Amino acid sequence: MLKTFVFALRVVLPAALLSVAGGAANATVVTLGEQDFADGTTVTLSDYNRAQSGESAPAGGRFRGRDVGPTNGNFDESWVFNFAPETPTMASLTMGLYDHDCDGPACTVVEAFLIDGNDFTAALTAALRTTGTFVNQAYDVVTIDLSSIVGDFADGVLEMSLRMRGGGVGNLPWNGIGIDFARLTTDVTQLSEPETLALFGLGLAGLGLGMRRGRRQLVSAPDAGR
Ligand SMILES: [Ca+2]
Ligand SMILES: [Ca+2]
Ligand SMILES: [Ca+2]
């Protein structure tokens, strides 16, 4: 029991405090799929699908839905992010969307985008209107702010549901889309300098206490090592 306590003081506590004191400004939570294209480029469907080989679906999956009939071929997918539970101060979602068929400033192709039940339809629509390209087979990287739902990160799960509608390029009533990758990014609070120094001092104190207890154990147990 005492050994466990001493170990915690000597190794775990200082390490934990040092890692907090060194706090990274950004900590990537999780990425599904990988980015295969540059923002704002146009890509053929065959090149897009070939690049997604072996990536995790549906965020890294192939083109889904239909751009050539039937009329019930709209993109409609749900997926889940799993990660270490945390409560970040800031969070964002970045996705590479292929052939979203957003019609520029009048973009209405996002029918519903829910994250843990929170409605981000307007947020994704706004991101596509400002960063999306109104070109057939366009590929764009969009980012939306998730700061309003950082509490939903506490269970280590975010459930995503995205439905798109037609009416974009060519005014088709159906619409296929590809998600090249999807990435959750969180911001860890930066400690002020006095807080960092205080924590660093506590870590050193824990290290010193652990070493003293370790010595006392050796002195009070002379049989040890025989
Ligand atoms: Ca959640
Ligand atoms: Ca499309
Ligand atoms: Ca990809």
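Up top is the structure these notes are about.
Everything in this summary refers to the structure shown in the same document. The structure displayed is predicted, hence computed values, not measured ones.

### Some thoughts on the overall build of the protein chain
Thinking step 1. Helices and strands together make up the secondary structure of the protein chain, namely four helices and nine strands.
Thinking step 2. Going from the N terminus to the C terminus, the protein chain shows its helices and strands as α-β-β-α-β-β-β-β-α-β-β-β-α.
Thinking step 3. Within the span of the protein chain, comprising 226 residues, buried residues form 27% of the whole.
Thinking step 4. Considering only contacts within the protein chain whose residues lie at least 6 apart along the sequence, 80% involve residues at least 24 apart.

### Brief notes about the nonpolar core
Thinking step 1. In terms of nonpolar packing, the biggest core is built from 33 residues, with Met95, Leu124 and Leu128 touching the most fellow members.
Thinking step 2. Elements supplying a minimum of two residues to this core: β1 (26-33), β4 (90-98), β5 (110-115), α3 (121-131), β7 (138-145), β8 (157-164) and β9 (178-187).
Thinking step 3. Looking at this core, the element that brings in the most residues is β4, giving five residues.
Thinking step 4. Excluding residues that lie within four positions of it along the chain, leucine 128 makes contacts with His100, Cys102, Cys107, Val110 and Val142.

### What about the pairing of β7?
Thinking step 1. One ladder, built from two bridges, connects strand β2 (residues 41-42) with β7; its direction is antiparallel. In the sheet register, threonine 42 faces β7, and the bridge partner there is alanine 138.

Thresholds applied
Residues numbered from 1 in each chain as written. Chains lettered and ligands numbered in written order. Predicted model: local features only at pLDDT ≥ 70, side-chain atom pairs only at ≥ 80, totals over all residues. Helix = DSSP H or I, 4+ residues; strand = E, 2+ residues; numbered from the N terminus. Buried ≥ 20, exposed ≤ 12 C-beta atoms within 10 Å, placed from the backbone. Contact = placed C-beta atoms within 7 Å. Core = buried A, V, L, I, M, F, W, Y, C linked by C-beta atoms within 7 Å. Pairing = 2+ DSSP bridges.

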